[in-house]
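The lines below spell out each chain.
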Amino acid sequence: MTICASVKVRDGLVLGTDSMTQIWGQDEAGNRLPIKSYGNARKLFQIGTLPIGVMTYGIGNLGPRSIYGFVRDFSLGYSGETDVKSVSQKLYEFISEAYHEHFGDTPGPTLGFFIAGYSPDQAFPEEWEFQLPKDQETRQVRPEERFGSSWRGISIPFTRLYKGYDPRTMEELKRMDVPEEAIEIVRRYESPVVYDGMPVQDAVNFVIFILQTTIGLSTFELGSPSCGGPLQIATVLPEDGFQWIKEPTLVAAA
């Protein structure tokens, strides 16, 4: 699985992911279970030379090909409109075709994409996303003039800290027919983070905080870690475009 995060502020956008990928197998009863984890998977990409970044979460491959390979092919061959919405929709069409070709009519595991950056002549960055097999098209995360943070993949650990409740608790309360007024009390304690005016460096720090908080809990809770490895961090700024802060690179093992 994955933790990926986006923080959007007035002067730019910060994107970040972890680097862990899991290989899954089956036990004798046919249940899926992780059999191996690797800590250096690529999950954050630039689309060509555009000021647009893409993060992916969920499954790491379709058949023999990695998601990195699909995004690379899309990026190298892309020649369409350069606004974020159009790039997002074209990526959806490209990935959706490969996804449904692999899984057919049987719903497969989750594969999510978060696409964000600057459209031509726009003052603020845009964020779009889609999740297969659920979505039929790409959708906007928040309006262009609204700022904030988003996290996807292994979302529960940071949601519990930031929102002040576990989202599974809310579902349980609804199933128990707890009055909506009582449920709203739980929602009052969300952390009051101010994004309008947050400097880009603080947005970088906040993305790292989201990632490290999630990785920390994943490391120590029961079971195989669901995220981890080196962080991948990039900024998308109106004057500099897509710039790596922490880029995944190949190195010689010690």
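So, how was this worked out
- Residues numbered from 1 in each chain as written.
- Predicted model: local features only at pLDDT ≥ 70, side-chain atom pairs only at ≥ 80, totals over all residues.
- Heavy atoms only, no water.
- Helix = DSSP H or I, 4+ residues; strand = E, 2+ residues; numbered from the N terminus.
- Rg over C-alpha atoms; globule rule 2.2 N^0.38 Å.
- Buried < 20%, exposed > 50% of the residue type's maximum accessible area, 1.4 Å probe, protein only.
- Contact = heavy atoms within 4.5 Å.
- Lys, Arg positive; Asp, Glu negative; His and termini not counted.
- Charge placed at Lys NZ, Arg CZ, Asp CG, Glu CD.
- Salt bridge = Lys/Arg side-chain N within 4 Å of Asp/Glu carboxyl O.
- Phe/Tyr/Trp six-rings, centres within 6.5 Å; stacked < 30°, edge-to-face > 60°.
- Lys NZ or Arg CZ within 6 Å of the ring centre and 35° of its normal.
- Polar contact = N/O pair within 3.5 Å; in protein donor to acceptor, adjacent residues only side chain to side chain.
- Core = buried A, V, L, I, M, F, W, Y, C linked by side-chain atoms within 4.5 Å.
- Patch = residues over 30% accessible without salt bridge, like charges linked within 9 Å, V, L, I, M, F, W, Y side chains within 5 Å.
- Areas by Shrake-Rupley, 256 points an atom, 1.4 Å probe, with all protein chains shown as cover.
- Pairing = 2+ DSSP bridges.

Caption draft 1: Molecular detail of the overall build of the protein. Of the regular secondary structure elements, the protein holds six helices and 14 strands. Relative to the globule expectation of 18 Å for 254 residues, the C-alpha radius of gyration of the protein, 19 Å, shows essentially globular dimensions. With 254 residues in all, the protein has 43% of them scored as buried. Partitioning the intrachain contacts of the protein with sequence separation of at least 6 by distance along the chain shows that 61% fall at a separation of at least 24. Each charge class in the protein was averaged separately, 23 positive and 33 negative side chains, and the resulting centres sit 4 Å apart.

Caption draft 2: Representation of the pattern of salt bridges in the model. Under the criterion given, the structure shown has 15 salt bridges. Note that Arg 65 and Asp 73 form a salt bridge whose closest N and O atoms lie 2.7 Å from each other. For Asp 73, a relative accessible area of 31% corresponds to the partly exposed category. Arg 187 is the salt-bridge partner of Glu 184, the closest N and O atoms lying 2.5 Å from each other.

Caption draft 3: Quick peek at the packing of aromatic side chains. Enumeration according to the criterion identifies 16 aromatic pairs in this entry. Between Phe 158 and Phe 206, the ring centres sit 6.0 Å apart and the planes meet at 65°, which makes this aromatic pair edge-to-face. Here Phe 206 lies in helix H6 (residues 200-220) and Phe 158 lies in helix H3 (residues 156-163), a separation of 48 residues in the sequence. By the burial criterion, Phe 158 is buried, and Phe 206 matches it. Taken together, a centroid distance of 5.6 Å and an interplanar angle of 85° make the contact between Phe 158 and Phe 209 edge-to-face. One end of the pair, Phe 158, is in helix H3; the other, Phe 209, is in helix H6, with 51 residues separating them in the sequence. According to the relative accessible area criterion, Phe 158 is buried, its value standing at 1%. By relative accessible area, which is 39% here, Phe 209 ends up partly exposed. In textbook terms, an aromatic cluster arises when at least three aromatic residues are bridged by ring pairs, as seen for Trp 151, Phe 158, Tyr 162, Tyr 195, Phe 206 and Phe 209. Lys 36 extends its terminal NZ or CZ atom over the ring of Tyr 38, reaching a point 5.4 Å from the ring centre. Above the ring of Tyr 68, the side-chain terminus of Arg 72 is found at 5.3 Å from the ring centroid.

Caption draft 4: Geometry of the side chain of Lys 43. Residue placement: Lys 43 occurs in the loop between strand E4 (32-38) and strand E5 (44-46). In terms of polar contacts, Lys 43 uses its side chain to reach the side chain of Thr 2, at 2.9 Å. A distance of 2.9 Å separates polar atoms of two side chains, one belonging to Lys 43 and the other to Asp 18.

Caption draft 5: Layout of the nonpolar core. If you look at the biggest cluster of nonpolar residues, it comprises 25 residues, and the most contacted ones within it are Leu 62, Leu 91, Ile 95, Leu 111, Phe 113, Ile 115 and Phe 130. Every element with two or more residues in this core is listed here: strand E6 (52-58), helix H1 (67-77), helix H2 (84-103), strand E9 (111-117) and strand E10 (126-132). Contacts of Phe 130, omitting those with residues within four sequence positions, involve Ser 88, Leu 91, Tyr 92, Ile 95, Leu 111, Gly 112, Phe 113, Ile 115, Asp 135, Glu 137 and Thr 138.

Caption draft 6: Looking closely at unusual backbone geometry. The omega angle of the peptide bond from Leu 132 to Pro 133 is 10°, so this bond is cis rather than trans. Mapped onto the secondary structure, Pro 133 falls in the loop between E10 and strand E11 (139-140). Of note, Asp 177 is a non-glycine position whose phi angle comes to about 60°, a positive value. Tracing the backbone through its elements, the reader meets Asp 177 in the loop between helix H4 (167-175) and helix H5 (180-186). What makes Asp 177 exposed here is its relative accessible area of 66%.

Caption draft 7: Spotlight on a nonpolar patch on the surface. Taken together, the side chains of Ile 23, Leu 33, Ile 35 and Tyr 38 define a hydrophobic patch exposed on the protein surface, amounting to about 380 Å² of accessible area. Ranked by the residues each element gives to the nonpolar patch, the list is headed by E4, at three residues. By the element assignment, Ile 35 lies in strand E4. Here Ile 35 falls in the exposed class, since its relative accessible area comes to 57%.

Caption draft 8: Inspection of the sheet that holds E9 at higher detail. Read from one edge of the open sheet, five strands run E5-E6-E9-E10-E11, paired in antiparallel fashion. Looking at the sheet topology across the chains shown, the edges are occupied by E5 and E11.

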